[in-house]
Amino acid sequence: MNDIEKKWQKKWAESHLFESNPDNKEKIFLTVAYPYPSGAMHIGHGRTYTVPDVYARFKRMQGYNVLFPMAWHVTGAPVIGIAKRIERKDPWTLNIYENVHKVSKGELAKFTDPEYIVKYFSSEYHDVMQSMGYSIDWRREFRTTDPHYKKFVEWQFRKLKSKGYVGKGKHPVKYCPEEMNPVGDHDLLEGEGVAINELTLVKFKIGDDYLVAATFRPETLFGATNLWLNPYEEYIRIKIYDESWIITKKAFDNIIHQKKDAVIDSPIDANELIGQYVKNPLTDKEHIILPASFVDPGYGSGVVYSVPAHAPADYIALKDLKENEEVLEKYNIKEKVEKIEPISIVKLEGFGKFPAEEIIEKFGVKNQKDPRLSEATNELYKLEHAKGVMANIPDYDGLKVPSARDEVIENLLKAKKGDVMYDFAEKPVVCRCGTECVVKILEDQWFLKYSDEQWKQSTYNCLAQEQIVPAEIRANFEYYIGWLEDWACSRRFGLGTKMPWDNQWLIEPLSDSTIYMAYYTIAKYMKDINPDDLDDSFFDDVFLDLQKYSGQMDDQLFENIKQEFNYWYPLNWRLSAKDLVGNHLSFHMFHHSAIFPEYKWPNGIVVFGMGLLEGNKMSSSKGNVILLNDAIETYGADVVRLFLMASAEPWQDFDWRENEVKGTKRRLEWFSEFADRVVEIKGSPVSLKDFELVQEVKKPINNWILSQFNMRIKDATEALEGFQTRKALQELLFIFKKDIDHYFHRIEQELDSEGAKEEISNVLTYILSGWIRLMSPFVPHTSEEMWNKLDGEGFASNGQWPQYNEDLIDEKVQKAEEIVQGLAGDINEIKKITGTQPNKIHIYVAPEWKWKVFEIAKDIGRPDIGRIMGESIKQNLHDNKKEIADFAKKVAREVTKIKYVGQIDECSIIEESLDFLSSETGAEVIIYQKPTYDPKGKFKNAMPYKPAIYIE
């Protein structure tokens with residue numbers, strides 16, 4: 001198979017088949033997140049890049065001019081960290097690159113140069129993408145360290161600064177203490193997309209110290225009942241601002257990066273604090289300190305105040321503690337704990353007095369170690385933040401939760417009873433160097449002002465005019481656009497573009513990758529241009545049509561560049577992973593709305609799910625991956641493509657399971673062999689060149705398979721328009737294979753007749769011609785090989801996408817085949833029950849009057865026996881009024897169950913199928929329109945679509 005795949009990849013490249021230039025066709029421009037090539041491609045990447053390729057191929061076959069480009073995102077610090085670790089021969093790094101990424105020892109020796117790592121893996125990615133058969137226009141390939149691209153990024157940032165969207169000041173950032181540098185998502189082994197939360201530190205007085213609790217929800221202080229410490233963790237006293245705070249040692253490792261004046265004073269035994277009391281800084285109430293294992297010493301301050309009415313973790317921890325006699329006795333706190341009851345302070349529609357208790361029951365959380373506790377907490381916090389109203393609190397009653405939160409923070413800070421710190425929303429966040437990251441406050445940091453209300457509004461406007469797939473993700477975008485605050489967009493070292501007005505800083509990787517889709521449109525011209533000629537006036541003129549470029553460039557070349565951009569833009573589709581909704585994909589909209597006019601804003605976004613391997617999360621750092629190149633060598637690119645597209649819709653998580661991949665391989669082999677079977681039936685070579693189904697098709701079973709095929713084309717086309725690759729393949733391959741298997745079974749008796757065989761051959765050739773083209777976006781190499789062998793014109797990849805013929809989709813034809821299959825099944829079931837082998841089978845079809853009663857029932861539209869009976873008698877459909885009444889009762893029961901498509905000539909349909917029915921049942925089959933022979937009176941049981949049967 002691999003030889004065939006290489007053959008077609010070479011032919012496509014030689015014919016420049018996927019190189020896209022402006023013409024008079026309607027265009028489709030789609031891009032997918034360009035990869036950060038610091039390691040080999042795995043099957044997760046395979047799914048990411050196959051989805052846009054399938055869509056690009058599909059639209060190309062529909063007659064669109066499609067641009068699908070690719071580039072390499074190599075800015076940032078990860079490769080520098082990798083190079084350093086390889087230079088110092090770090091065993092873990094060497095193991096990953098030798099055994100997971102399969103880099104030879106000779107090549108690995110050169111990995112001390114970060115630029116070489118980038119070059120090595122971007123070249124490997126290029127080769128693997130070609131091996132997958134991606135229809136990429138490789139003339140537009142670039143790296144983000146190219147001098148031309150850097151000029152483009154500088155222009156972008158000067159533009160944003162001129163609009164007031166870039167500022168400077170203190171800013172919390174993800175930070176690697178080992179590399180002493182801010183890190184972005186592309187620098188991480190774990191924790192991509194994790195947000196930085198602002199936490200309020202609340203000072204609870206205890207003697208001369210403060211027990212300092214960190215909270216995301218300071219408005220809940222009014223509902224506090226106790227404090228929690230984890231007695232198994234290390235706590236310390238620190239000196240800060242002439243005060244003495246008690247927090248965990250792990251929390252200090254984070255806080256020291258945010259509060260320079262903090263120093264460790266002495267260790268504290270948490271066990272000695274349990275049972276003591278602290279004072280609430282807002283209410284002056286005293287709260288007991290209690291033990292809880294759920295308290296994470298590395299999150300916030302490692303001290304938590306408890307609000308059991310509204311915090312699921314607090315509710316379940318209090319419940320657990322009340323049931324733990326051993327701990328209650330150990331600390332002598334039993335009576336005090338038993339008296340603690342939740343205090344309700346937030347009214348939430350749909351919930352009672354204590355929402356935490358209800359959400360715990362809803363999620364079935366058993367105890368504080370239950371993994372569902374986190375889900376329950378997130379759910380309730382989101383609901384109370386969005387819809388909660390403060391209650392039972394003087395001065396705050398009726399305030400929405402966010403407003404109360406802001407007011408409480410302001411009051412705590414003003415009275416110096418609180419402070420602010422930052423921490424990750426989820427942990428761990430691990431740098432590619434293996435170090436756990438912290439949140440650091442950077443001074444004089446450049447940041448993008450995503451908090452700017454005017455900018456947010458234009459971004460909302462950008463989102464409003466976009467199509468989002470799947471549609472339910474739109475709410476996530478709305479949330480993140482509103483939630484995003486200022487974003488640190490610079491760092492001290494790494495690869496990339498320097499901040500144009502402050503070259504001691506580099507622009508971080510997510511910030512230099514927001515509008516690069518525009519650069520793709522002109523990238524193919526860059527090799528002929530001196531980067532020094534690319535000043536701001538060049539980009540202003542090309543991208544914004546400000547008509548002011550007066551550089552050294554040839555006029556015609558410049559006009560071609562402008563024309564290229566204006567032809568391809570706006571971008572039709574942007575595809576990326578769901579963990580980038582809250583950053584890259586939202587930034588993409590922010591930057592487009594800031595820089596481009598509205599008519600150049602992107603049109604649509606498709607969001608991907610994640611990849612699993614045999615049910616477990618894929619991770620290169622843990623060695624739990626299958627390299628894409630290995631999968632191609634084992635199964636062939638088309639099998640890999642087919643499995644990845646069929647296993648889940650793009651926005652769902654997919655699971656690579658080897659047994660299922662082998663099953664997919666067998667399906668593809670069956671499809672390839674289908675062509676051989678058609679040739680065998682025809683008895684002579686098949687030519688698909690200019691083939692059309694021109695002659696009238698007479699046999700019902702042939703009309704049935706044509707109807708099924710056109711129905712599959714219709715449903716698959718609609719599915720692909722919405723990026724539903726799995727649904728499309730279900731229709732085109734998995735379900736239609738069943739149709740074809742059934743069809744072959746049905747025509748076995750027909751193949752001895754030359755007349756019947758000719759019609760069957762024509763029908764199968766028509767199906768084969770369409771089916772190869774329909775499968776081409778999914779399995780392009782297999783389709784090309786089949787198309788070529790069968791004398792198809794040109795490339796299958798350039799063939800016309802089959803359009804369904806509405807006239808051939810016939811519900812009556814489909815119903816007719818259901819009747820024949822139903823008869824065969826019913827007869828065999830009777831044989832099985834009676835244990836007899838009949839000589840003759842008598843079949844009775846429903847008389848005309850019963851069809852008319854069905855028509856009346858259908859027009860009435862509901863099971864109204866009286867009306868059906870009355871209308872039937874009124875029309876004098878049958879002499880026997882009792883029979884009409886009995887049948888009206890039956891019809892009333894059946895009319896809502898059966899899909900009624902109108903009267904069918906059951907007699908001629910069954911007559912056409914007598915050979916098949918005789919073969920299936922092993923007996924002579926006789927059909928009756930009138931009961932000329934009916935010894936058991938079966939004729940009266942015949943109903944439309946359900947002939948009666950008498951076995952003799």
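Residues numbered from 1 in each chain as written. Predicted model: local features only at pLDDT ≥ 70, side-chain atom pairs only at ≥ 80, totals over all residues. Heavy atoms only, no water.

A. Region of the structure containing the overall build of the protein. Across its full length, the protein carries 34 helices and 32 strands. C-alpha extents for the protein along the principal axes are approximately 110 × 80 × 55 Å. Residues counted as buried form 57% of the 952 residues belonging to the protein. Across the protein, contacts joining residues at least 24 apart in sequence account for 76% of those joining residues at least 6 apart. Element-wise, carbon and sulfur atoms account for 46% of the exposed surface of the protein, whose accessible area totals about 40400 Å². Counting 122 positive and 151 negative side-chain charges, the protein places the centres of these two groups 2 Å from one another. (Helix = DSSP H or I, 4+ residues; strand = E, 2+ residues; numbered from the N terminus. Buried < 20%, exposed > 50% of the residue type's maximum accessible area, 1.4 Å probe, protein only. Contact = heavy atoms within 4.5 Å. Areas by Shrake-Rupley, 256 points an atom, 1.4 Å probe, with all protein chains shown as cover. Lys, Arg positive; Asp, Glu negative; His and termini not counted. Charge placed at Lys NZ, Arg CZ, Asp CG, Glu CD.)

B. Region of the structure containing unusual backbone geometry. Here the amide bond leading from K427 into P428 is cis, since omega sits at 5 degrees, within 30 degrees of zero. When you line up the elements, P428 lands in the loop between β17 (418–424) and β18 (430–431). In this model, Y569 is joined to P570 through a cis peptide bond whose omega is 10 degrees. Relative to the assigned elements, P570 resides in the loop between α20 (555–568) and β25 (573–577). The phi dihedral of E614 is positive, around 50 degrees, even though this residue is not glycine. The topology assignment puts E614 in the loop between β27 (611–613) and β28 (616–617). Here E614 falls in the partly exposed class, since its relative accessible area comes to 37%. In this structure, F723 takes a positive phi of about 65 degrees despite not being glycine. Its place among the elements puts F723 in the loop between α25 (700–721) and α26 (725–747).

C. The arrangement of the nonpolar core in detail. Formed by 114 residues in total, the largest nonpolar core has its most connected members in M129, W656, F674, Y743, I767 and W771. The contact partners of F674, leaving out residues within four places of it in the chain, are I740, F744, L764, I767, L768 and W771. (Core = buried A, V, L, I, M, F, W, Y, C linked by side-chain atoms within 4.5 Å.)

D. The arrangement of the packing of helix α7 (residues 147–162) against helix α19 (residues 536–544) in detail. Contact geometry for α7 and α19: axes closest at 10 Å, N-to-C directions at 80 degrees. Overall, the two elements α7 and α19 adopt an arrangement that is roughly perpendicular. Contacts from H148, K151, F152, W155, R158 and K159 of α7 reach α19 at D536, F539, D540, F543 and L544. When its residues are assigned to classes, the contact of α7 with α19 shows 5 nonpolar, 1 polar and 5 charged. (Axes fitted to C-alpha atoms, helices over the stretch in contact; angles between N-to-C directions. Parallel < 35°, antiparallel > 145°, perpendicular 65-115°, else oblique. Nonpolar A, V, L, I, M, F, W, Y, C, P; charged D, E, K, R; others polar.)

So yeah, pure geometry; function would need other evidence.
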